[in-house]
Amino acid sequence: MPKRKRRTFLIIGFVLISLLVATLSLWASNNTFTYSNLMDNESKATAHSLLSDANIPQENIELFFTLVDEFNSVPYKGIVEQGWKKAFIPFFSYNNNNGFAHLEAQEQENMIICRSAAYILLKDHIIFNKTDVKPDRNLDNNNKLQLTEEEKLHYDLLFANIDNSNTDSSEALVDKVVDYWNMAGIKFPESCIQFVMAYADTENGIQNFHTGIAIYDDDCVWFLEKADPIHPYQIS
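Computed from a predicted structure; not experimentally measured.

Re the environment of proline 57
Part 1 of the argument: Locating proline 57 in the fold gives a position in the loop between helix H2 (41-53) and helix H3 (58-72).
Part 2 of the argument: C-alpha of proline 57 to C-alpha of aspartate 124: the two residues are 67 residues apart in sequence and 7.8 Å apart in space.

Here it is as C-alpha coordinates:
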(Lines give C-alpha, C1' and ligand atoms only; values in the text may rest on other atoms or scores of the structure.)
Protein backbone atom coordinates (compact mmCIF):
# COMPACT_ATOMS: atom_id res chain seq x y z
CA MET A 1 0.00 0.00 0.00
CA PRO A 2 1.41 3.42 -0.93
CA LYS A 3 2.67 5.51 2.01
CA ARG A 4 0.21 8.37 1.27
CA LYS A 5 -2.78 5.98 1.17
CA ARG A 6 -1.66 4.31 4.39
CA ARG A 7 -1.36 7.71 6.07
CA THR A 8 -4.92 8.57 4.93
CA PHE A 9 -6.28 5.35 6.42
CA LEU A 10 -4.43 6.05 9.67
CA ILE A 11 -5.88 9.55 9.85
CA ILE A 12 -9.41 8.28 9.15
CA GLY A 13 -8.96 5.55 11.77
CA PHE A 14 -7.71 8.07 14.31
CA VAL A 15 -10.67 10.38 13.64
CA LEU A 16 -13.17 7.51 13.95
CA ILE A 17 -11.61 6.37 17.23
CA SER A 18 -11.65 9.95 18.53
CA LEU A 19 -15.33 10.29 17.59
CA LEU A 20 -16.13 6.97 19.26
CA VAL A 21 -14.30 7.98 22.44
CA ALA A 22 -16.08 11.36 22.46
CA THR A 23 -19.46 9.70 21.92
CA LEU A 24 -18.87 7.18 24.70
CA SER A 25 -17.66 9.95 27.01
CA LEU A 26 -20.77 12.03 26.28
CA TRP A 27 -23.03 8.98 26.82
CA ALA A 28 -21.29 8.22 30.11
CA SER A 29 -21.59 11.80 31.39
CA ASN A 30 -25.30 11.93 30.48
CA ASN A 31 -26.02 8.57 32.13
CA THR A 32 -23.98 8.91 35.32
CA PHE A 33 -25.25 10.08 38.68
CA THR A 34 -23.69 10.56 42.10
CA TYR A 35 -25.42 9.22 45.19
CA SER A 36 -25.10 8.48 48.88
CA ASN A 37 -27.13 6.34 51.28
CA LEU A 38 -27.25 8.88 54.14
CA MET A 39 -25.00 6.84 56.41
CA ASP A 40 -22.36 9.51 57.04
CA ASN A 41 -22.59 12.97 58.55
CA GLU A 42 -21.66 14.77 55.31
CA SER A 43 -24.49 13.37 53.18
CA LYS A 44 -27.00 13.71 56.02
CA ALA A 45 -25.96 17.33 56.54
CA THR A 46 -26.42 17.99 52.81
CA ALA A 47 -29.93 16.53 52.83
CA HIS A 48 -30.84 18.29 56.07
CA SER A 49 -29.69 21.66 54.70
CA LEU A 50 -31.62 21.20 51.44
CA LEU A 51 -34.81 20.32 53.31
CA SER A 52 -34.43 23.20 55.76
CA ASP A 53 -33.81 25.68 52.93
CA ALA A 54 -37.00 24.36 51.27
CA ASN A 55 -38.95 25.29 54.45
CA ILE A 56 -39.77 21.72 55.44
CA PRO A 57 -40.87 21.71 59.13
CA GLN A 58 -38.10 20.68 61.48
CA GLU A 59 -40.21 17.96 63.12
CA ASN A 60 -40.78 16.34 59.72
CA ILE A 61 -37.05 16.39 58.99
CA GLU A 62 -36.23 14.91 62.38
CA LEU A 63 -38.79 12.12 61.95
CA PHE A 64 -37.39 11.33 58.50
CA PHE A 65 -33.82 11.06 59.79
CA THR A 66 -34.96 8.98 62.76
CA LEU A 67 -36.27 6.46 60.24
CA VAL A 68 -33.09 6.73 58.16
CA ASP A 69 -30.85 6.09 61.18
CA GLU A 70 -33.07 3.21 62.29
CA PHE A 71 -32.77 1.59 58.86
CA ASN A 72 -29.00 2.18 58.67
CA SER A 73 -28.39 0.87 62.20
CA VAL A 74 -28.53 -2.66 60.74
CA PRO A 75 -25.64 -3.45 58.35
CA TYR A 76 -26.64 -3.49 54.69
CA LYS A 77 -24.13 -5.10 52.37
CA GLY A 78 -23.05 -3.11 49.35
CA ILE A 79 -24.37 0.39 50.11
CA VAL A 80 -22.35 3.61 50.41
CA GLU A 81 -21.17 3.90 54.00
CA GLN A 82 -19.04 7.02 53.57
CA GLY A 83 -19.09 9.87 51.07
CA TRP A 84 -20.52 9.67 47.55
CA LYS A 85 -20.36 7.15 44.73
CA LYS A 86 -20.77 7.47 40.97
CA ALA A 87 -22.88 4.96 39.05
CA PHE A 88 -24.24 4.39 35.54
CA ILE A 89 -28.01 4.86 35.48
CA PRO A 90 -28.75 2.02 32.97
CA PHE A 91 -26.89 -0.53 35.10
CA PHE A 92 -27.71 0.71 38.59
CA SER A 93 -29.63 -1.44 41.05
CA TYR A 94 -29.46 -2.79 44.58
CA ASN A 95 -29.00 -6.48 45.28
CA ASN A 96 -32.34 -7.99 46.33
CA ASN A 97 -30.70 -10.76 48.35
CA ASN A 98 -28.88 -8.13 50.43
CA GLY A 99 -32.18 -6.28 50.83
CA PHE A 100 -34.07 -9.31 52.11
CA ALA A 101 -31.20 -10.21 54.45
CA HIS A 102 -31.32 -6.68 55.87
CA LEU A 103 -35.11 -6.87 56.25
CA GLU A 104 -34.83 -10.11 58.19
CA ALA A 105 -32.11 -8.67 60.41
CA GLN A 106 -34.25 -5.64 61.26
CA GLU A 107 -36.78 -7.86 63.07
CA GLN A 108 -39.65 -5.37 62.78
CA GLU A 109 -43.05 -5.43 61.09
CA ASN A 110 -43.42 -1.77 60.09
CA MET A 111 -41.49 -1.43 56.84
CA ILE A 112 -41.19 2.10 55.46
CA ILE A 113 -41.89 2.32 51.72
CA CYS A 114 -40.99 5.05 49.26
CA ARG A 115 -44.23 7.05 49.41
CA SER A 116 -44.38 6.88 53.22
CA ALA A 117 -40.87 8.33 53.48
CA ALA A 118 -41.69 11.11 50.98
CA TYR A 119 -45.02 11.92 52.65
CA ILE A 120 -43.42 12.29 56.08
CA LEU A 121 -41.38 15.17 54.68
CA LEU A 122 -43.96 16.86 52.42
CA LYS A 123 -47.23 16.18 54.28
CA ASP A 124 -47.46 19.85 55.30
CA HIS A 125 -46.38 21.05 51.86
CA ILE A 126 -49.56 20.02 50.02
CA ILE A 127 -52.94 21.73 49.97
CA PHE A 128 -55.90 19.44 50.74
CA ASN A 129 -59.25 21.10 50.02
CA LYS A 130 -62.64 19.71 50.97
CA THR A 131 -63.78 16.83 48.79
CA ASP A 132 -66.46 14.15 48.54
CA VAL A 133 -63.92 11.59 47.31
CA LYS A 134 -63.65 8.62 49.69
CA PRO A 135 -60.18 7.02 49.62
CA ASP A 136 -59.23 3.46 50.43
CA ARG A 137 -58.48 3.78 54.17
CA ASN A 138 -56.53 0.47 54.20
CA LEU A 139 -53.68 1.80 52.05
CA ASP A 140 -50.23 1.11 53.54
CA ASN A 141 -51.47 0.81 57.12
CA ASN A 142 -48.22 -0.79 58.25
CA ASN A 143 -46.16 2.05 56.81
CA LYS A 144 -47.80 5.14 58.27
CA LEU A 145 -45.93 6.00 61.43
CA GLN A 146 -46.78 8.85 63.82
CA LEU A 147 -49.53 10.32 61.62
CA THR A 148 -52.71 11.91 62.89
CA GLU A 149 -56.09 10.70 61.63
CA GLU A 150 -56.27 13.71 59.31
CA GLU A 151 -52.78 13.01 57.97
CA LYS A 152 -53.71 9.37 57.33
CA LEU A 153 -56.79 10.53 55.42
CA HIS A 154 -54.67 12.89 53.33
CA TYR A 155 -52.16 10.10 52.70
CA ASP A 156 -54.91 7.79 51.45
CA LEU A 157 -56.34 10.54 49.24
CA LEU A 158 -52.97 11.36 47.75
CA PHE A 159 -51.85 7.82 46.93
CA ALA A 160 -55.22 6.11 46.38
CA ASN A 161 -55.60 3.67 43.51
CA ILE A 162 -57.51 5.20 40.61
CA ASP A 163 -60.10 3.27 38.63
CA ASN A 164 -58.66 1.46 35.63
CA SER A 165 -59.19 3.53 32.51
CA ASN A 166 -57.38 1.34 29.95
CA THR A 167 -55.09 4.22 29.13
CA ASP A 168 -53.17 3.74 25.89
CA SER A 169 -50.42 6.32 26.47
CA SER A 170 -48.39 7.96 29.22
CA GLU A 171 -50.11 11.26 28.46
CA ALA A 172 -53.57 9.74 28.98
CA LEU A 173 -52.43 8.18 32.25
CA VAL A 174 -51.11 11.54 33.49
CA ASP A 175 -54.39 13.23 32.58
CA LYS A 176 -56.30 10.58 34.54
CA VAL A 177 -54.13 11.05 37.64
CA VAL A 178 -54.36 14.85 37.47
CA ASP A 179 -58.15 14.66 37.04
CA TYR A 180 -58.33 12.52 40.17
CA TRP A 181 -56.18 14.98 42.17
CA ASN A 182 -58.49 17.81 41.09
CA MET A 183 -61.58 15.86 42.20
CA ALA A 184 -59.86 14.98 45.50
CA GLY A 185 -59.06 18.66 46.16
CA ILE A 186 -55.30 18.09 46.11
CA LYS A 187 -53.09 20.99 45.06
CA PHE A 188 -49.30 21.16 44.78
CA PRO A 189 -48.08 24.72 45.35
CA GLU A 190 -45.13 26.02 43.34
CA SER A 191 -41.96 25.39 45.28
CA CYS A 192 -38.31 24.37 45.01
CA ILE A 193 -39.30 20.99 46.44
CA GLN A 194 -41.82 18.62 44.83
CA PHE A 195 -42.99 15.03 44.72
CA VAL A 196 -41.78 12.88 41.83
CA MET A 197 -44.27 10.07 41.23
CA ALA A 198 -44.33 7.04 38.96
CA TYR A 199 -47.71 5.50 38.08
CA ALA A 200 -48.77 2.45 36.09
CA ASP A 201 -52.14 1.32 34.71
CA THR A 202 -52.64 -2.22 36.06
CA GLU A 203 -55.47 -4.74 36.23
CA ASN A 204 -56.32 -3.29 39.65
CA GLY A 205 -56.40 0.30 38.43
CA ILE A 206 -53.84 3.08 38.17
CA GLN A 207 -51.39 2.64 41.04
CA ASN A 208 -48.53 4.64 42.49
CA PHE A 209 -45.41 2.54 41.93
CA HIS A 210 -42.74 4.89 43.28
CA THR A 211 -42.48 8.28 44.95
CA GLY A 212 -39.46 10.42 45.73
CA ILE A 213 -38.67 14.07 46.26
CA ALA A 214 -36.97 16.50 43.87
CA ILE A 215 -35.22 19.53 45.35
CA TYR A 216 -34.12 22.31 43.01
CA ASP A 217 -30.97 24.07 44.20
CA ASP A 218 -29.42 26.68 41.87
CA ASP A 219 -28.47 24.74 38.71
CA CYS A 220 -28.67 21.33 40.40
CA VAL A 221 -31.55 18.92 41.00
CA TRP A 222 -31.32 16.62 44.02
CA PHE A 223 -33.43 13.47 44.35
CA LEU A 224 -34.21 12.11 47.82
CA GLU A 225 -35.95 8.75 48.15
CA LYS A 226 -36.43 5.44 49.88
CA ALA A 227 -35.38 3.36 46.91
CA ASP A 228 -37.66 0.38 47.67
CA PRO A 229 -39.30 -1.29 50.70
CA ILE A 230 -36.23 -3.53 51.08
CA HIS A 231 -33.69 -1.07 49.66
CA PRO A 232 -31.98 1.86 51.37
CA TYR A 233 -32.58 5.59 51.56
CA GLN A 234 -30.72 7.54 48.89
CA ILE A 235 -29.85 11.09 47.94
CA SER A 236 -28.51 11.73 44.45
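There is more to say, and it comes next.
Topic: the packing of H2 against H3
Part 1 of the argument: Interaxial distance between H2 and H3 falls to 10 Å at its minimum, and their mutual angle equals 155°. In terms of orientation, H2 lies roughly antiparallel with respect to H3. Both H2 and H3 take part in a crossing whose hand is right-handed. Along its contact with H2, which presents Lys44, Ala47, His48, Leu51 and Ser52, the element H3 presents Gln58, Ile61, Phe65 and Asp69.
Part 2 of the argument: In terms of residue class, the contact of H2 with H3 is built from four nonpolar, three polar and two charged.

So, helix H7 (residues 170-183)
Part 1 of the argument: Its 14 residues give H7 an end-to-end C-alpha distance of 20 Å, which sits within 8% of 20 Å, the value for a rise of 1.5 Å per residue.
Part 2 of the argument: Taken together, the buried positions of H7 are occupied by Leu173, Val177, Tyr180 and Trp181. Along H7, the residues classed as buried sweep out an arc of 100° about the axis, all on the same side. For H7, the exposed residues set more than 90 degrees away from the buried face come down to Glu171 and Met183.

Quick look at the pairing of strand E5 (residues 193-202)
Part 1 of the argument: Where E5 and strand E6 (residues 205-217) come together, ten bridges link them in antiparallel fashion. Bridge pairing in E6 links aspartate 201 to isoleucine 206.
Part 2 of the argument: Linking E5 to E6, which pair antiparallel, is a turn of two residues.

Focus on the side chain of serine 36
Part 1 of the argument: For serine 36, the location among the structural elements is in the loop between strand E1 (32-35) and H2.
Part 2 of the argument: A distance of 3.2 Å separates the side chain of serine 36 from the side chain of serine 43, its partner in a polar contact.
Part 3 of the argument: Those residues in contact with serine 36 that sit more than four places away from it in its chain are Ser43, Val80, Gly83, Trp84, Tyr233, Gln234 and Ile235.

Let's talk about the pattern of salt bridges
Where charged atoms from two side chains of opposite charge come close, those side chains can pair.
Part 1 of the argument: All told, the structure shown has four salt bridges when counted by the stated rule.
Part 2 of the argument: Put simply, aspartate 124 and lysine 123 hold a salt bridge, and the shortest N to O gap is 3.6 Å.
Part 3 of the argument: Since its relative accessible area comes to 44%, aspartate 124 is described here as partly exposed.
Part 4 of the argument: Judged by relative accessible area, which is 12%, lysine 123 ranks as buried.
Part 5 of the argument: Through salt bridges with shared partners, one network takes in Lys123, Asp124 and Glu151.

What counts, and at which threshold
Residues numbered from 1 in each chain as written. Predicted model: local features only at pLDDT ≥ 70, side-chain atom pairs only at ≥ 80, totals over all residues. Heavy atoms only, no water. Helix = DSSP H or I, 4+ residues; strand = E, 2+ residues; numbered from the N terminus. Axes fitted to C-alpha atoms, helices over the stretch in contact; angles between N-to-C directions. Parallel < 35°, antiparallel > 145°, perpendicular 65-115°, else oblique. Left-handed = near helix turned anticlockwise from the far one by under 90°. Contact = heavy atoms within 4.5 Å. Nonpolar A, V, L, I, M, F, W, Y, C, P; charged D, E, K, R; others polar. Expected span 1.5 Å × (residues − 1). Buried < 20%, exposed > 50% of the residue type's maximum accessible area, 1.4 Å probe, protein only. Arc of directions from axis to C-beta. Pairing = 2+ DSSP bridges. Polar contact = N/O pair within 3.5 Å; in protein donor to acceptor, adjacent residues only side chain to side chain. Salt bridge = Lys/Arg side-chain N within 4 Å of Asp/Glu carboxyl O.

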